[in-house]
Amino acid sequence: MEKIEGLCGICPGGCAVEITMEEGRIKGLKPSKEYSPAAICLRGAKAEGIVYSEDRLKTPLIRTGEKGEGKFREASWEEALNYAADGFLRIKDQYGAQALASHLGRGTFDQGTDDFFANGNPGNKNFGFFAPLGSPNGASVGSMCYVAYGILAPQTTMGLNAKDFQPDIENSDYCVIWGTNPPTASPPFIHQRLNQARRNGVKLIFIDHYAASMSANVDELVLIRSGTDQVLILAMINYIIQNELYDREFVENWTHGFAELKEYTQRFTLEKASQTTGIPLEQIQFLIEVLTTKRASLITYTGLEYSNSGVQSIRSLFSLWALCGHLDQRGGLLLSKPNPKKNPNDSHFGSVKMLAIGEREFPIYHKLVNQPQFLKAPDAILHGKPYKLAGLLNVGAAMTVNYPNTPLFEKAIKSLDFFAVVDRFFTKDCLYADVVFPATTYFEEESYQVFPGKVRVRRKIIEPLGESLPNIYILQRLAEKLGYGHLYPKNPAELYAMRFRDQPEVLEQILSGAEEVHFQQSNEPIRYRKYEEVYLRSDKNPGFPTPTGKFEFDSELLKAYGFDGLPVYVVSKEGWNSTPELAVQFPLIFNSGARIQTTFRTQHLNIEDLVAYQKHPQVIMNTEDAEVRGIRAGDVVDLTSPRGGIQMVAEVIDGIPRGEVEVNVGGGDPGQLGLWAQASVNHLTDEKNIDPISGFPVFKNLLCEVTKAKE
Ligand SMILES: Nc1nc2c(c(=O)[nH]1)N[C@H]1C(S)=C(S)[C@@H](COP(=O)(O)OP(=O)(O)OC[C@H]3O[C@@H](n4cnc5c(=O)[nH]c(N)nc54)[C@H](O)[C@@H]3O)O[C@H]1N2
Ligand SMILES: Nc1nc2c(c(=O)[nH]1)N[C@H]1C(S)=C(S)[C@@H](COP(=O)(O)OP(=O)(O)OC[C@H]3O[C@@H](n4cnc5c(=O)[nH]c(N)nc54)[C@H](O)[C@@H]3O)O[C@H]1N2
Ligand code: SF4
Ligand SMILES: [Mo]
């Protein structure tokens, strides 16, 4: 047995761990201090099962049978790369470069790959893998993750991205955790900060539609009916304005659209909000008191993204924080200068002028993210709208499981002229691929992970299994065949040199073998209220980097694109009030995809050791709802919706409002074990039921019914 210090390579989190080796083989990981103490990172501890799984892809594969049949033969890299390059170039010749798209999923979140695409960043000049051929279609899971919270909502209020503001947790009286469950963040650093802060007296408030793992460690749990947060927020805004409890100085000098906000929110009362959200009036009063008399920081993420009013819900939340004077104040939300992530290849890319898929329907998404909205891909593939999409390169995503309306996505993927997949495992997507390329785990490659203030080098722990290669070098080789290999690194030395070319002192330390390199920290003390200085804007003016220079309750950018500028509430398209006739047959509110510690979306559900932590996909339901249906914890149940049905296992708890269910995401790949293999949650979601601003699907606010399965 040998122990080495290294970085965990299970997910892109990159936590420092002690790796146990036996005869050159990874046996397991010892949780270090960086693990989330509340829930030891189970995935990490079982590294062996993931790295050496029989199911790992070890050589490139070329399909020999029909699509979906699963017949493939092994091929050499040379043959497989030529085959893929020919397939893509044929499409370019036949239809033009716009008919090619690349799509990056969560499997590309290793920084060494991600940086080359500078995903989801305004100012990003890279349009994806096929940009050098002239394609505008460099898509990613940003089409249904992060962008609403991280870019669209903050850009249309403060002119910043989520990475440009940080909760000042340590200096808060209260930290409000709203629509995010920090123990499942990877890496779980915020969770550690929260736990430490709580030990130092900071009070934590957790607002969620069920008692997720964070709730075990907070001071106040607020259970809210999913998709109704905005009603609560607008009612609080109204109350705070009417009672003059807001930060008058900030509002007068630094906000835009206050009078309109005041006028609009008048229709939202606390009593009605209490009814709609299911939160007792006293608890709402308590939240108002906290926000108007204490230092309050905020953490949020995906919980509010997936309703018909997702972007506007999150805008209303930021507006509430601004109204109460918590922006760039001690103990509130600290702002920093926008620092667009630069693509190492910026200068090599001309601007691609062609219309991207989904650009017409979701112009703000495209403007701010510079990517197609991939929910519209089936229209392009199947109906040639706005033009035919015929070739797709999928790197590290499980598209036929994670996109809404799985059957439609499956049909679309199957109809492509040429489809290539890069993955670690033979997934359901691979069934429809013409060629499959095997990727390494992060234990098998040298790369780096950037954290606030530092970069950590990821040393190779074992040699790549079979002929697998790290994503970035697979892309380099494919690019080489397409005539632009020079845009990607061929080895770690080139990777570092390209990424850190503007930080020679960092590069030098990495090349000389440093494990961790700290960026130069400024010695300046933390400054607050920086919007009063010439700081956040790139011109010589103080204020926020928005069109008006103010915090925009009323967004000029949204209005310019024909949307409401105010954080206007849109009632959910499907629900108790909007579709009462459907609610008779499907009386429960369906909410899917809250992250749990023991699963990693579709990943690792094919590995016995890991599935053992939670053997079955669960529907979490309220005790009384279960009782009236004769359902007990552990029963197999049928989950049905207007779109279809799947089987899961019931988990019964008190900590979820009556009428709500929370459904595990990630099942539905035939390679998975037990009930997971058929538990395709996205058979029950719909690509047409979306937030019109982001194009994000409604994952968390639909109707369903749960009944005990007949044997
Ligand atoms: N272990 C683990 N970690 C992961 C992942 C994983 O699959 N497994 N996935 C990663 C990915 S892709 C992402 S995007 C991030 C997401 O990171 P988070 O956004 O932190 O995701 P969740 O942990 O699901 O937290 C969202 C919370 O919002 C709650 N919620 C749902 N609907 C509502 C609502 O209407 N109102 C309110 N107030 N709350 C609501 C959910 O119950 C859940 O507790 O996590 C990443 N980390
Ligand atoms: N109903 C519902 N649907 C959802 C969500 C929800 O909450 N509810 N959440 C949405 C969100 S936030 C997201 S991000 C998406 C998740 O979307 P995906 O990106 O599809 O996420 P995963 O299921 O993790 O699939 C990642 C794939 O990459 C592979 N992989 C892992 N590491 C590597 C690597 O290093 N290289 C390569 N090449 N491959 C690798 C894995 O084997 C896996 O097949 O799902 C979305 N879908
Ligand atoms: S968060 Fe990710 S990197 Fe960190 S220990 Fe868990 S699996 Fe490993
Ligand atoms: Mo995500």
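Anything mentioned here points back to the structure above.
Visitor: Tell me about the packing of helix α7 (residues 229-242) against helix α9 (residues 258-265), and name the residues and values.
Guide: Two measures define how a pair of helices packs: the angle their axes make with one another and the distance between the axes. With their axes 9 Å apart at the nearest point, α7 and α9 run at an angle of 115° to one another. Classified by the angle between their axes, α7 and α9 sit roughly perpendicular to one another. Of the two elements, α7 crosses α9, and the hand of that crossing is left-handed. Of the residues in α9, those in contact with L234, I237, N238, I241 and Q242 of α7 are F258, L261, K262, Y264 and T265.

Visitor: Quick one: what's the story with the sheet that holds strand β13 (residues 296-300), residue by residue and with numbers?
Guide: Read across the sheet, four strands follow the order β11-β10-β9-β13 without closing on themselves; strand pairing throughout is parallel. Two strands bound the open sheet, and with one partner strand each, they are β11 (220-223) and β13. In this sheet, adjacent strand axes meet at a mean angle of 15° when their direction is disregarded. Sheet analysis places strand β9 (residues 174-178) next to strand β10 (residues 203-208), joined by five bridges and oriented parallel. Of the residues in β10, the one forming a bridge with Y174 is K203. Contacting β9, β10, β11 and β13, helix α11 (residues 281-293) crosses the sheet at an angle of about 125° to β11.

Visitor: So what's going on with the packing of aromatic side chains? Which residues, and what values?
Guide: Tallied over the full model, the rule gives 31 aromatic pairs. Note on Y149 and Y301: the rings are 5.1 Å apart at their centroids and 45° apart in plane angle, and the pair reads as tilted. Taken together, the residues Y149 in helix α5 (residues 147-155) and Y301 in the loop between β13 and α12 (310-323) connect sequence positions 152 residues apart. Classification of Y149 as buried rests on a relative accessible area of 13%. Its relative accessible area of 25% is what places Y301 among the partly exposed residues. Sitting above the plane of the Y442 ring, R424 keeps its charged end 4.7 Å from the centroid. Looking at R601, its charged tip hangs above the ring of F600, at a distance of 4.5 Å from the centre.

Analysis parameters
Residues numbered from 1 in each chain as written. Chains lettered and ligands numbered in written order. Predicted model: local features only at pLDDT ≥ 70, side-chain atom pairs only at ≥ 80, totals over all residues. Heavy atoms only, no water. Axes fitted to C-alpha atoms, helices over the stretch in contact; angles between N-to-C directions. Helix = DSSP H or I, 4+ residues; strand = E, 2+ residues; numbered from the N terminus. Parallel < 35°, antiparallel > 145°, perpendicular 65-115°, else oblique. Left-handed = near helix turned anticlockwise from the far one by under 90°. Contact = heavy atoms within 4.5 Å. Pairing = 2+ DSSP bridges. Phe/Tyr/Trp six-rings, centres within 6.5 Å; stacked < 30°, edge-to-face > 60°. Buried < 20%, exposed > 50% of the residue type's maximum accessible area, 1.4 Å probe, protein only. Lys NZ or Arg CZ within 6 Å of the ring centre and 35° of its normal.

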